[in-house]
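Tertiary structure, described
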Amino acid sequence: MSHYLFHDEVTLAEKTEELGRKAVELKLIPSFVVRYYPDSWEFCIPDDNSSTCLTPPEAYMKLKKLVDGSLSKV
């Protein structure tokens, strides 16, 4: 039986927020901002000199790659 981490847009956004906190904790990113709108969330992750705002699926993939890559090095 499969166990899914998320099953809709809200749970995906919540998991993305958890990954963002983990990435900050691991010092992979300096910070991140979540903008809450009535119908969606937006994740702003700082890059070198700018901040990139992503949708929950885009942010999830980016943060998942960062966190998994960091944990695989340990």
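We now turn to the structure provided with this report. (Residues numbered from 1 in each chain as written. Predicted model: local features only at pLDDT ≥ 70, side-chain atom pairs only at ≥ 80, totals over all residues. Heavy atoms only, no water.)

Moving on, we get to a negative patch on the surface. Negative charge collects at one region of the surface, where Asp8, Glu9, Glu14 and Asp39 lie side by side. Considering the arrangement of structural elements, one finds glutamate 9 in helix 1 (residues 9–25). On the accessibility criterion, glutamate 9 (46% relative accessible area) is partly exposed. (Patch = residues over 30% accessible without salt bridge, like charges linked within 9 Å, V, L, I, M, F, W, Y side chains within 5 Å. Areas by Shrake-Rupley, 256 points an atom, 1.4 Å probe, with all protein chains shown as cover. Salt bridge = Lys/Arg side-chain N within 4 Å of Asp/Glu carboxyl O. Lys, Arg positive; Asp, Glu negative; His and termini not counted. Charge placed at Lys NZ, Arg CZ, Asp CG, Glu CD. Helix = DSSP H or I, 4+ residues; strand = E, 2+ residues; numbered from the N terminus. Buried < 20%, exposed > 50% of the residue type's maximum accessible area, 1.4 Å probe, protein only.)

A separate point is helix 1. Every α-helical turn comprises 3.6 residues, leaving residues that sit three or four positions apart pointing alike. Its 17 residues give helix 1 an end-to-end C-alpha distance of 24 Å, which sits within 8% of 24 Å, the value for a rise of 1.5 Å per residue. Along helix 1, the residues that are buried comprise Thr11, Leu12, Ala13, Thr16, Glu17, Leu19, Gly20 and Ala23. Where helix 1 is buried, its residues touch strand 1 (33–36), strand 2 (41–46) and helix 2 (56–73). In the segment just after helix 1, lysine 27 is the residue with positive phi, at about 60°. (Expected span 1.5 Å × (residues − 1). Contact = heavy atoms within 4.5 Å.)

With that out of the way, let us pick up the side chain of serine 70. Along the chain, serine 70 falls in helix 2. Relative accessible area serves as the criterion here: at 18%, serine 70 is assigned to the buried category. Discounting chain neighbours no more than four positions away, the residues touching serine 70 are Leu26 and Leu28.

Right, let's get into the side chain of threonine 16. Positionally, threonine 16 belongs in helix 1. Given the relative accessible area of 0%, threonine 16 is considered buried. Setting aside chain neighbours within four positions, we find threonine 16 in contact with Phe43, Pro56, Ala59, Tyr60 and Leu63.

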